[in-house]
Amino acid sequence: MREVNLLDSYPRIKRPLREREQARPRQREVARRFGREYFDGDRTQGYGGYYYDGRWLAVARRMQEFYGLMPGHRVLDVGCAKGFLLHDLRQVIPGIRVAGLDISAYAIGQAIEDVRPFLVLGSADRLPFADRSFDLVVSINTVHNLDLDRCKQAIREMERVSRAYKYLQVDSFLTEEQRENFERWQLTALTYFPPDGWRRLFAAAGYTGDYYWTVTE
Ligand SMILES: C[S@@+](CC[C@H](N)C(=O)[O-])C[C@H]1O[C@@H](n2cnc3c(N)ncnc32)[C@H](O)[C@@H]1O
């Protein structure tokens, strides 16, 4: 179990908190459906446009090096959205075998074409895969969207379907200011803690993989 930031190449964004200050319960409700409004609607309800721009390529290279990924290895992305990371893993490591799961029929329907056949609709806490079927299981900014019991179960599921590596990234905060920023910004998270709280949950779920935090600046 290592605390390691494999998204260190991912652009750090100063989030426009003001744009979200108006987020009313209604907008949170819309965001939590993880439909078109969340991905490609306006910024008050989610991403404000979730487009492919190649930013995952560097993350894919980092994962390749860190885990020694090779052609033939199997990788699962839990909460894969439109499959951008999986697409880029295939660019970086031709011959790698990918799978993705997401609760959003919209995102899967809009996924990059080459990975769409490998994506399934489902929930992180009930992965439709056999025990130990992947060399690497990744989940980025997804399991905090489940309530505490289901979040714990989702972490257990990552452990179950992996035969080697796991990488989990979740929303967290290191300071009180970051906690306030997070609470002003976030629309969909149901379970969130400072790092120590997450580490306790990882231990309770029997998680042995790597992890890192997404912090709202
Ligand atoms: C913040 S987005 C992250 C997407 C992608 N991993 C990334 O980092 O760009 C959260 C994703 O989690 C998905 N999601 C939410 N609840 C989920 C669940 N119970 N099971 C699987 N995916 C879920 C959403 O549809 C969305 O694609």
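All values derive from a computational prediction rather than experimental measurement.

Calculation criteria
Residues numbered from 1 in each chain as written. Predicted model: local features only at pLDDT ≥ 70, side-chain atom pairs only at ≥ 80, totals over all residues. Helix = DSSP H or I, 4+ residues; strand = E, 2+ residues; numbered from the N terminus. Buried ≥ 20, exposed ≤ 12 C-beta atoms within 10 Å, placed from the backbone. Contact = placed C-beta atoms within 7 Å. Axes fitted to C-alpha atoms, helices over the stretch in contact; angles between N-to-C directions. Parallel < 35°, antiparallel > 145°, perpendicular 65-115°, else oblique. Left-handed = near helix turned anticlockwise from the far one by under 90°. Nonpolar A, V, L, I, M, F, W, Y, C, P; charged D, E, K, R; others polar. Core = buried A, V, L, I, M, F, W, Y, C linked by C-beta atoms within 7 Å. Near = placed C-beta within 6 Å. Pairing = 2+ DSSP bridges.

**Notes on the overall build of the protein**
Turning to step 1, where the next piece is worked out: A count of helices and strands for the protein gives 9 helices and 6 strands.
Turning to step 2, where the next piece is worked out: Taking the principal axes of the C-alpha coordinates as reference, the protein spans close to 45 × 35 × 30 Å.
Turning to step 3, where the next piece is worked out: Going through the 217 residues of the protein one by one, you find that 38% of them count as buried.
Turning to step 4, where the next piece is worked out: In the protein, the share of contacts with a sequence separation of at least 24, taken over all contacts with a separation of at least 6, comes to 68%.

**Structural notes on the packing of helix α4 (residues 56-67) against helix α5 (residues 84-92)**
Turning to step 1, where the next piece is worked out: Packing of α4 against α5 brings their axes to within 8 Å, and their N-to-C directions diverge by 60 degrees. Taken together, the axes of α4 and α5 lie oblique to each other. Of the two elements, α4 crosses α5, and the hand of that crossing is right-handed. Here W56, L57, V59, A60, R61 and Q64 of α4 come into contact with α5, specifically with F84, L85, D88, L89, Q91 and V92.
Turning to step 2, where the next piece is worked out: In terms of residue class, the contact of α4 with α5 is made up of 8 nonpolar, 2 polar and 2 charged.

**Focus: the nonpolar core**
Turning to step 1, where the next piece is worked out: Formed by 52 residues in total, the largest nonpolar core has its most connected members in V75, L85, L89, V137 and V143.
Turning to step 2, where the next piece is worked out: Those residues in contact with V137, other than ones at most four positions away along the chain, are L76, V78, M158, V161, S162 and K166.

**A look at the site of the ligand**
Turning to step 1, where the next piece is worked out: As a structural note, the neighbourhood of the ligand is formed by 15 residues, with F34, G79, A81, S104 and A124 the closest of them.
Turning to step 2, where the next piece is worked out: Classifying every residue of the shell around the ligand gives 8 nonpolar, 6 polar and 1 charged.

**Focus on the sheet that holds strand β6 (residues 210-215)**
Turning to step 1, where the next piece is worked out: The 6 strands are arranged β3-β2-β1-β4-β5-β6 in an open sheet whose pairing can be described as parallel. Of all the strands in the sheet, the pair left with one neighbour each is β3 (119-121) and β6. Taking each pair of neighbouring strands and ignoring which way they run, the sheet shows an average axis angle of 15 degrees.
Turning to step 2, where the next piece is worked out: Each of β1 (74-78) and β2 (97-102) touches α5; the most contacted strand, β2, lies at about 175 degrees to it.

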